[in-house]
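# Geometric and topological summary
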Amino acid sequence: MTPPAAFSAPTVPLTMSELLRLDPLAKVEVAHRSATDQPVQGVDLANSFARLRRVPPHTLVVLSDEADSGGWSLATSLHLAWERAAAGVVISSRSLSASGSLLAERLDITLLVAERDPVDLALALAAQVSAPGSARALRIARCAEQLADQTAIRGIIAVLARELDPLPVALVAGSTLLAGRAAAVADKPGTQLVKVPVTTATGHLFAELVTRIPAGAGDSGTVESLLALGRTPILAAWAQGRLQQAGRVELERVSFRMLREAAAAPAVLDLPLATGLTEPASWPGELGWQLDGINRAIWLTRSTPTAPPADGEQDEMTQLVHSLWHTVLPNWPLAPDEDGWVSWSTGSTDRPAAMRRAARSLSDLLSRHGLVAGIGGAHPGARGLVRSREEARLTARVATTLAAGSIEWFDQIGVRAALGWLPIHSLEGVAQLCLTDLLAAKDRRALISTVLAVLDNGGSLSVAAGTLGVHRNTVLARLARARELGLTFDQPQVRLAVHTLCFALDTAWGHAAMEPDRTPPGRRELMR
C-alpha cells in the first residue's frame, strides 16, 4: 500500500512554524518570530555560554534555569545563538526583558517565552524533532478535528489558512475564486502551486483547493495532506447549502402560489392574506415578505420562451437566478412563479424611482443570462400585488419580442401587451406554408422588415425609409419585389393578417439571430 504523502519523507526536518502549531510550543508566548521559517534539526538544553558556542546550526536552544542566575546575560545568549544560526531560543518569563525582545527583533531570531520546566520542555521538543513524521501526523489529526467543527465553506478555508499560515489558501472553480486569498492562484516566481481536486460522489470536479509553497519545499506532502482534509467538509457544506437553498426556493414557490390562489378566491376577497376568515396567515412574514402598502411587481422570464424547459433545467436556472439576484438586490424577495420569477417593491406610496434603480442594476444580469423582465403597475395590498404580478407577466411576454436584457413597463406598453401573447412560432410555421417563394429568397429579412415598417407607419414610405435608414426608392423597390414573391399587403381584407405575419417573422428571426443554431419549432408543429 502506498503510504500517505505526509509520511513519504519522514527525514524532512520540522520547521519552526510546524513546531509552533503543536504542543508544547503552541501554548508559549512568542516574543519575536523570525521572518525566515528555519528547519529545526535538533534541541539543546543550554546552561552555559560555552555550550551555546558549540550548538550546531538550526538548533532550537532551550535556556536552563541557571540562565536566571550568576552572570548570565540574555543579550549575550541571543548573540551567540545568532552566530551559531540557531533556529530559535526558548527562555523563561523571568529572563524576558524589553531590551531582550528588541535585540531578538534586530537579530531576527525567534524568541519564545515558556513557563514549563526547561528540562521537560527540551525533552518533549527533542522527541518531536527526532520523529517529524509522528509530529506531522499529530498536526494533521488536530487539523481534522478543527475541520469537523466547521459547517460553512468559508469557515473550512479559514481553518486551513490558519493551519498553513503564512501560505495563502483558496478554493477555486476553473478561474473563479470561490473563497480564500487570490494570492494562492497568482503566479509568483520562486513558488510552486499545490492543488487538491474536490470531486463530488459522481466524480464531477466541483472545485480545487490550492496554495503556493516555496519551490523545492520539503514538506509539500504535509501541505497536500492538510488540503486534502478539507475536501469532504467542503462537499458536505456545499451540499447542505444547496439543500437549504432548494428548500427555501420551493417554500417561496408554494407560498406565492397560495398568495395568488387566496387573492383569486371570492371567499377571501379584500382580506389581508387570510388562511380562513379570522386568522391572518403568518407565512408571508416568516419569509420576510412585506405586502401591506403599495406593491409594484417585476416578473422575469427567458427571452426565448419557445418550449417548456427540460427536466431539471428550470430548477438549475432558478438556482442561478436566485444566486445572481441576491448579489444585486439582496433585500428584494424573489419567488419562482410558473415559467418565470417574481419580485416586488413595497412602500407606503408608489416608488417608481426605486423600481427604476432596480431595473438599471438588473439590466446587465438579464442580458448576460438571456432573460427579460416586465414591471407591473402600482396597487395596494396583497391583492394589488397579485394584480401587479399579472401585469408584469403580461409585459414580460412583450419584452420577449425584444433582445435579452429588455425591461418593459406595463404603464407604457398599453394595448401592445396583446402582442406578447401572439403564438410567434405557430405564425412562423403558417408563413412557411403561405409565403414559400418569399421565404426562399435570400433577401427575405430585408423584404419582411420593409413591409413591416411601412405597415407600422400607416403606409408612409418616407417615415418607413427613415425608420430603416434607407432611401425611399429602396423601400419602393423592396415593396415591389415582395409583391412579386406573393406578399400582398395593400388589400384591406388581408392587411391585418400580413401585418401579424410580418411581426411574427421579424420577432422570430430576431431571436434566431441571437441563437444561430435554433430551428424554428413552429414549422415542425405544423408538419406533424
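Right, let's walk through the structure included here. For every chain, the first residue of the written sequence is number 1, and numbering continues from 1 onward in sequence order. Where local features are concerned, this predicted model is filtered to residues with pLDDT of at least 70; where side-chain atom pairs are given and counted, the filter is 80 or more; whole-chain, interface and lining totals use all residues. The side-chain numbers reported here are obtained from all heavy atoms of the structure, hydrogens and water having been left aside.

### Digging into the overall build of the chain
We count it as follows: Where helices and strands are cited, they refer to DSSP runs of H or I of at least four residues and of E of at least two residues respectively, numbered from the N terminus. Relative accessible area decides the class of each residue, using a 1.4 Å probe on protein chains only: under 20% of the type maximum gives buried, over 50% gives exposed, and in between gives partly exposed. Pairs of residues are marked as contacts when any of their non-hydrogen atoms sit within 4.5 Å. To measure how exposed things are, a 1.4 Å probe is used in the Shrake-Rupley method; for residues, cover is taken only from the protein chains shown.
The helix and strand tally for the chain stands at 21 helices and 16 strands. In the chain, which comprises 528 residues, the proportion classed as buried is 45%. Sequence separation of 24 or more characterises 67% of the internal contacts of the chain that already satisfy a separation of 6 or more. A total accessible area of about 26,200 Å² is found for the chain, and carbon and sulfur atoms account for 54% of it.

### As for the packing of aromatic side chains
Rules: Put simply, two rings from Phe, Tyr or Trp (the six-membered ring, in Trp's case) pair if the centres are within 6.5 Å, and we call them stacked under 30 degrees between planes, edge-to-face over 60, tilted for the rest.
One pass over the full model with this rule turns up three aromatic pairs. Centroid distance Phe 256 to Trp 344: 5.7 Å. Interplanar angle 35°. Geometry classified as tilted. Note that Phe 256 is positioned in helix H9 (residues 231-264) and Trp 344 in strand S14 (residues 340-347), a separation of 88 residues in sequence. The class of Phe 256 is buried, set by a relative accessible area of 0%. Note on Trp 344: relative accessible area 3%, which makes it buried. Where Trp 289 meets Trp 344, the ring centres are 5.1 Å apart and the plane angle is 85°; that geometry is what we call edge-to-face. Here Trp 289 is found in the loop between helix H10 (283-286) and strand S12 (294-302), whereas its partner Trp 344 is found in strand S14, with 55 residues between them in sequence. Summarising the burial analysis for this pair, Trp 289 and Trp 344 share the class buried. Every member of this aromatic cluster is reached through a ring pair, and the members are Phe 256, Trp 289 and Trp 344.

### A look at the environment of Gly 88
Tracing the backbone through its elements, the reader meets Gly 88 in strand S6 (residues 88-91). Sequence separation between Gly 88 and Thr 59 is 29 residues; the distance between their C-alpha atoms is 7.2 Å. In contact with Gly 88, not counting residues within four places along its chain, are Met 16, Thr 59, Leu 60, Val 61, Ile 109 and Thr 110.

### A look at a positive patch on the surface
Inclusion rule: What makes a patch is a set of residues exposed beyond 30% relative accessible area and free of salt bridges, joined within 9 Å when like-charged and within 5 Å when nonpolar (Val, Leu, Ile, Met, Phe, Trp, Tyr). The working definition used for a salt bridge is a side-chain nitrogen of Lys or Arg within 4 Å of a carboxyl oxygen of Asp or Glu. Only four residue types enter the tally: Lys and Arg on the positive side, Asp and Glu on the negative side, with His and both chain ends excluded. Charge positions are represented by NZ for Lys, CZ for Arg, CG for Asp and CD for Glu.
A surface patch of positive charge is lined by Arg 351, Arg 356, Arg 357 and Arg 360. Here Arg 356 shows up in helix H12 (residues 352-368). Judged by its relative accessible area of 42%, Arg 356 falls in the partly exposed class.

### Let's talk about helix H17 (residues 444-456)
Rules: An expected span of 1.5 Å times one less than the residue number is assigned to each helix.
If you check H17, its first and last C-alpha atoms are 18 Å apart, about what 13 residues at 1.5 Å a residue would give, namely 18 Å. Among the residues making up H17, those that are buried are Leu 447, Ile 448, Thr 450, Val 451, Leu 452, Ala 453, Val 454 and Leu 455. With its phi angle positive at about 65°, Gly 458 sits one or two positions after the end of H17.

### Some words on the nonpolar core
For the record, the criterion: In plain words, nonpolar cores are sets of buried Ala, Val, Leu, Ile, Met, Phe, Trp, Tyr and Cys residues tied together by side-chain atoms within 4.5 Å.
The biggest cluster of nonpolar side chains holds 31 residues, and the ones touching the most others in it are Leu 438, Val 451 and Leu 487. Those elements giving two or more residues to this core turn out to be helix H15 (424-434), helix H16 (436-440), H17, helix H18 (461-468), helix H19 (472-484) and helix H20 (492-514). Broken down by element, the residue count for this core peaks at eight residues, all from H20. Residues in contact with Val 451, not counting those within four places in the same chain, are Leu 479, Ala 482, Leu 487, Phe 489, Val 498 and Cys 502. One finds Ile 156, Leu 160, Val 198 and Ala 237 within the second-largest nonpolar core, a separate group that totals 24 residues.

### Looking at the sheet that holds strand S9 (residues 176-180)
What counts, and what does not: Any two strands with at least two DSSP bridges between them are considered paired. Note on geometry: axes are lines fitted to C-alpha atoms, helical ones only across the stretch in contact, with angles between N-to-C directions running from 0 to 180 degrees.
Reading across from one edge, S9-S8-S11-S10 is the order of the four strands in this open sheet, with antiparallel pairing throughout. Every interior strand has two partners, whereas the edge strands, S9 and strand S10 (191-199), have only one. Between one strand and the next, the sheet's axes are offset by a mean angle of 30°, whatever the strand orientation. Pairing analysis gives four bridges linking strand S8 (residues 169-173) to strand S11 (residues 205-214), with the strands arranged antiparallel. Bridge assignment links Val 172 to a residue of S11, and that residue is Glu 208.

### Things to note about the environment of Met 16
Considering the arrangement of structural elements, one finds Met 16 in helix H1 (residues 16-20). Overall, the relative accessible area of 2% leaves Met 16 in the buried class. Once the C-alpha coordinates of Met 16 and Ser 34 are considered, the two residues, 18 residues apart in sequence, prove to be 9.2 Å apart. Beyond its immediate stretch of four places on either side in the chain, Met 16 contacts Asp 37, Gln 38, Val 40, Leu 60, Ala 87, Gly 88 and Thr 110.

### Details of the environment of Val 89
In this fold, Val 89 is placed in strand S6. In this structure, the C-alpha to C-alpha distance between Val 89 and Leu 112, residues 23 residues apart in sequence, is 6.2 Å.

### Re the pairing of strand S5 (residues 59-63)
Most of S5 sits out of view: five of its five residues are buried. By the alternation rule, side chains of S5 split into Thr 59, Val 61 and Leu 63 and Leu 60 and Val 62, which are all buried. The sheet contact formed by strand S4 (residues 42-46) and S5 spans five bridges and is parallel. Residue Val 43 lies in a different strand from S5, and its bridge partner there is Leu 60. Strand direction decides the pairing type here: S5 and S6, joined by three bridges, are parallel.

### Here we look at the packing of H17 against H18
The condition that has to hold: To sort the angles, those under 35 degrees are grouped as roughly parallel, those over 145 as roughly antiparallel, those from 65 to 115 as roughly perpendicular, and the leftovers as oblique. In this scheme the handedness of a crossing depends on how the near helix is turned from the far one: anticlockwise by less than a right angle means left-handed, clockwise means right-handed. Residue type decides the class: Asp, Glu, Lys and Arg count as charged, Ala, Val, Leu, Ile, Met, Phe, Trp, Tyr, Cys and Pro as nonpolar, and the leftover types, Gly among them, as polar.
Orientation of H17 relative to H18, taken along the N-to-C sense of each, is 130°, at an axis distance of 8 Å. Relative to H18, H17 is oriented oblique. Handedness of the H17/H18 crossing: right-handed. Contacts between H17 and H18 involve Ser 449, Thr 450, Ala 453 and Val 454 on the former and, on the latter, Leu 461, Ala 464 and Leu 468. Of the residues in the contact of H17 with H18, the class split is five nonpolar, two polar and no charged.

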